[in-house]
Amino acid sequence: MAKRYLEVSYHEGRPLAAYLYIDRRLGDTVARTERHGTWLIDYAADGRTIGVEFTSVGTVNLTELNRILAAAHQPALSVLDVRPLEAA
């Protein structure tokens, strides 16, 4: 199982997007994606949330993100966890 981590992508020195990888099982792939405002939430074939893509970096509603994570039975993020998104 891969642990969750945040990846920020840049293009010509500017943040383009970010992706929060949520704990995944070996062989997990994205079976379905749902839009949630400016975010895209990816689900595995069995319905588990496996990632969140931020198509607009710079501002993250931590309360809303933690609500999504709680629904996915994942631990909440702290302000420090999302600081790279705000710094981008």
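Structure first, text after, so check above.
The shown structure was predicted, so the numbers you read here are calculated from the model rather than taken from an experiment.

Topic: the sheet that holds strand 5 (residues 49-54)
With antiparallel pairing, five strands are arranged side by side in an open sheet as 1-2-5-4-3. On the outer flanks of this sheet lie strand 1 (5-11) and strand 3 (32-36), each paired with one strand and no other. Neighbouring strand axes in the sheet, compared pairwise and without regard to direction, differ in orientation by 20° on average. Of the pairings in the sheet, the one linking strand 4 (residues 39-43) to strand 5 comprises five bridges and is antiparallel in character. Residue pairing in the sheet places Tyr-43 in a bridge with Thr-49 of strand 5. Contacting strand 2 (14-21), strand 3, strand 4 and strand 5, helix 1 (residues 62-71) runs over the sheet at an angle of about 10° to strand 4.

A short note on the pattern of salt bridges
Overall, the coordinates contain five salt bridges when judged by the stated rule. Its salt-bridge partner being Glu-34, residue Arg-32 comes within 2.3 Å of it at the nearest N-O pair. Judged by relative accessible area, Arg-32 falls into the partly exposed class, the value being 37%. Of the residues examined, Glu-34 reaches a relative accessible area of 37% and is grouped as partly exposed. Residues participating in the shared-partner salt-bridge network are Arg-25, Asp-28, Asp-46 and Arg-48.

Description of the pairing of strand 2
Relative to strand 2, strand 1 runs antiparallel, the two sharing seven bridges. Within the sheet, the bridge partner assigned to Tyr-10 lies in strand 2 and is Pro-15. As consecutive antiparallel partners, strand 1 and strand 2 are separated by two residues, and within that stretch Glu-12 has a phi angle of approximately 55°, a positive value. Bridge count for strand 2 against strand 5 is four bridges, and the pairing is antiparallel.

Here is what the cut-offs are and how they apply
- Residues numbered from 1 in each chain as written.
- Predicted model: local features only at pLDDT ≥ 70, side-chain atom pairs only at ≥ 80, totals over all residues.
- Heavy atoms only, no water.
- Pairing = 2+ DSSP bridges.
- Helix = DSSP H or I, 4+ residues; strand = E, 2+ residues; numbered from the N terminus.
- Axes fitted to C-alpha atoms, helices over the stretch in contact; angles between N-to-C directions.
- Contact = heavy atoms within 4.5 Å.
- Salt bridge = Lys/Arg side-chain N within 4 Å of Asp/Glu carboxyl O.
- Buried < 20%, exposed > 50% of the residue type's maximum accessible area, 1.4 Å probe, protein only.

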